Amino acid sequence: MRCPKVTLSFEQYKILLDRKRRANGRNVKYKDLIQQWGVPHYHLSTAVYRGIKQYDYRLWKEQPR
């Protein structure tokens, strides 16, 4: 059985990165986001661990130089 296609928006990804930054090396807490967004935990943990290239590029372009 395949899992339905789930995508994270850019704003959701920014929230995950902020939580990762605030966790400071500890486990990232996103149980409440799983319930709010209806996204499986493995999608969130993969996004936190590996990143999303398109969104990382957008964040890089937004940075002041």
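Above this text sits the structure in question.
Residues numbered from 1 in each chain as written. Predicted model: local features only at pLDDT ≥ 70, side-chain atom pairs only at ≥ 80, totals over all residues. Heavy atoms only, no water.

(A) The nonpolar core, seen in detail. Ranked by size, the top nonpolar core spans 11 residues in total: L8, F10, Y13, L16, Y30, L33, V39, L44, A47, V48 and Y55. Mapped onto this core, the elements with two or more residues apiece are α1 (10–23) and α3 (41–50). Other than its neighbours up to four places away in sequence, A47 contacts L8, Y13, L16 and I52. (Core = buried A, V, L, I, M, F, W, Y, C linked by side-chain atoms within 4.5 Å. Buried < 20%, exposed > 50% of the residue type's maximum accessible area, 1.4 Å probe, protein only. Helix = DSSP H or I, 4+ residues; strand = E, 2+ residues; numbered from the N terminus. Contact = heavy atoms within 4.5 Å.)

(B) Structural view of the packing of α1 against α3. Between α1 and α3, the shortest axis-to-axis distance is 10 Å and the interhelical angle comes to 65°. With respect to each other, α1 and α3 are oriented roughly perpendicular. As α1 runs across α3, the sense of the crossing is right-handed. Counted together, Y13, L16 and K20 of α1 and L44, A47 and V48 of α3 form the full contact between these two elements. (Axes fitted to C-alpha atoms, helices over the stretch in contact; angles between N-to-C directions. Parallel < 35°, antiparallel > 145°, perpendicular 65-115°, else oblique. Left-handed = near helix turned anticlockwise from the far one by under 90°.)

(C) Region of the structure containing the layout of surface pockets. By volume, the largest pocket amounts to about 210 Å³. Ranked by residues supplied to the lining of the largest pocket, first place goes to α3 with 3 residues. Of the residues belonging to the lining of the largest pocket, the class tally is 5 nonpolar, 4 polar and 1 charged. (1 Å grid on protein atoms, 1.4 Å probe; cavity = no way out; pocket = protein on both sides within 12 Å on 5 of 7 lines; lining within 4 Å. Points joined across faces, edges and corners; volume = space filled by probe spheres on them. Nonpolar A, V, L, I, M, F, W, Y, C, P; charged D, E, K, R; others polar.)

(D) Region of interest: the packing of α1 against helix α4 (residues 53–62). It is at 11 Å that the axes of α1 and α4 come closest, and there the two elements cross at 80°. In terms of orientation, α1 and α4 fall into the roughly perpendicular class. Contacts between α1 and α4 involve F10, Y13, K14 and L17 from the first element and Y55, D56, R58, L59 and E62 from the second. When its residues are assigned to classes, the contact of α1 with α4 shows 5 nonpolar, no polar and 4 charged.

(E) Representation of the packing of aromatic side chains. Scanning the model with the defined rule gives 3 aromatic pairs in all. An angle of 65° between the planes, with centres 5.4 Å apart, marks the rings of F10 and Y55 as edge-to-face. Here F10, found in helix α1, pairs with Y55, found in helix α4; they are 45 residues apart in sequence, far enough to count as distant. Taking the relative accessible area as the measure of exposure, Y55 reaches 17% and is therefore buried. Judged by centre distance (5.5 Å) and plane angle (45°), the ring pair of Y13 and Y55 falls under tilted. Pair noted here: Y13 is in helix α1 and Y55 is in helix α4, with a separation of 42 residues, a long-range link. Each member of the pair, Y13 together with Y55, is buried. A network of ring pairs unites the aromatic residues F10, Y13 and Y55 as a single cluster. (Phe/Tyr/Trp six-rings, centres within 6.5 Å; stacked < 30°, edge-to-face > 60°.)

Treat this as a map of the structure, not an account of what it does.
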